Amino acid sequence: GFFQSYAVEVDVKDASNATCLYANWMMRFLITYESNTGDYKTTTLNLSSSVTHDGSVCGNDTQAAVVAVQFGEGHSWSTNFTKNNETYQWDFFTVTYNTNDTAVFPDAKRKGPVTVVAKHASRPIQLNNVFVCHSTRSIEAENVTQIFWNVTVQAFVQNGTVSKKESRCHADTPTAAPTVLPTVANVTTVSTTTLSPTPTTPPKPVENPDTGNYSLKSGNKTCLLATVGLQLNVSQDKPLLVNINPKTTIADGACGNTTATLKLNDGNSTLISF
């Protein structure tokens with residue numbers, strides 16, 4: 001199944017106990033690290049069910065607003081917003097992951113916290129507007145890919161109330177579907193004034209997914225082999241078909257005495273665990 005991640009909600013209050021900064025979002029991280037054997041592996045770091053937000057601040061005309069969260073075994077993430085006249089925007093993201101967390105980094109060569117900063121200046125957002133983006137977005141910096149979705153955020157909240165005016169991300173903006181006229185035998189003219197609604201049909205599978213060969217090793221011995229072509233049919237707001245490309249997919253996981261886990265990461269934020 002897909003790796004589980006939890007939604008985070010941060011509601012920062014000012015001295016009068018009024019909301020000055022609000023954020024609600026989901027995210028996960030793909031982190032590449034060096035193992036004790038010298039190999040480089042990619043692991044997934046998800047938010048835990050228990051998250052704190054120490055260090056989050058309101059901000060003002062001269063000081064940046066900050067959303068900061070801490071989770072799991074010594075992991076943290078933060079982002080800052082700056083205000084400029086009638087707009088505000090993101091400036092950068094900071095993620096600190098702790099390789100002492102053996103559940104996420106079971107064989108990391110380097111131990112301890114590692115901090116990565118990603119500079120990402122967003123387009124300006126009007127003050128008193130809440131930024132909304134349900135689509136998945138990713139930001140890469142060094143060995144860390146940050147993946148976000150279902151984002152709702154407003155910095156420098158006015159009058160203590162989160163705005164109802166939305167600034168939507170480009171990925172959420174619907175695009176008009178091309179008009180397809182019906183084809184009917186023996187009809188030479190088509191009325192353009194009245195057209196029946198186009199029925200919604202399930203997506204037709206694209207080309208058959210390529211077959212991949214995936215394997216895991218325990219020491220010097222291969223402990224798991226999988227030869228498989230994978231296609232996902234995801235039903236959310238609209239059906240979505242995804243083929244897993246073996247050429248860009250990284251296999252990871254572990255073999256035990258009675259269980260084995262195969263994790264596939266296709267590099268496009270699709271994560272599957274068997």
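As recorded in an unreviewed UniProt entry, the protein goes by Lysosome-associated membrane glycoprotein 2 and comes from Pitta sordida. Under the Sequence similarities (unreviewed entry) heading, UniProt states for the protein: "Belongs to the LAMP family."

## Observations regarding the side chain of Thr79
Counting through the fold element by element, Thr79 comes out in strand S6 (residues 75-84). A polar side-chain atom of Thr79 sits 3.4 Å from a polar atom in the side chain of Trp90. A polar contact of 3.2 Å, which involves the side chain of Thr79, links it to the backbone oxygen of Phe92. In contact with Thr79, other than residues within four places in its own chain, are Ala65, Val66, Val67, Trp90, Phe92 and Phe93.

## A closer look at the state of the cysteines
This structure, assessed with the given rule, holds three disulfides. At a sulfur-sulfur separation of 2.1 Å, the disulfide partner of Cys133 is Cys169. An S-S torsion of about 75° defines the bridge between Cys133 and Cys169 as right-handed. Of this pair, Cys133 sits in strand S10 (residues 130-133) while Cys169 is found in the loop between strand S13 (166-168) and strand S14 (211-218), placing the two residues 36 residues apart along the sequence. You'll find Cys133 and Cys169 in the same group, each marked buried. Each disulfide pairs two cysteine sulfurs, and for Cys223 the partner residue is Cys255, the sulfurs being separated by 1.9 Å. Negative torsions about the S-S bond denote left-handed disulfides, and the value of about 75° found for Cys223 with Cys255 makes this one right-handed. Here Cys255 lies in strand S18 (residues 250-255) and Cys223 lies in strand S15 (residues 221-229), a separation of 32 residues in the sequence.

## Let's talk about the pairing of strand S1 (residues 7-13)
Here is the key point about a regular strand: its side chains alternate between the two faces of the sheet. Residues Val8, Val10 and Val12 line the buried face of S1, whereas the alternating positions Ala7, Glu9, Asp11 and Lys13 sit on a face that is not buried. As defined by bridge partners, S1 adjoins strand S2 (residues 19-34) across seven bridges and the pair is classed as antiparallel. Note that in S2 the partner of Asp11 across the bridge is Tyr22.

Scoring rules and cut-offs
- Residues numbered from 1 in each chain as written.
- Predicted model: local features only at pLDDT ≥ 70, side-chain atom pairs only at ≥ 80, totals over all residues.
- Heavy atoms only, no water.
- UniProt positions renumbered as here; feature names shortened; annotations may be inferred.
- Helix = DSSP H or I, 4+ residues; strand = E, 2+ residues; numbered from the N terminus.
- Polar contact = N/O pair within 3.5 Å; in protein donor to acceptor, adjacent residues only side chain to side chain.
- Contact = heavy atoms within 4.5 Å.
- Disulfide = S-S within 2.5 Å.
- Buried < 20%, exposed > 50% of the residue type's maximum accessible area, 1.4 Å probe, protein only.
- Pairing = 2+ DSSP bridges.

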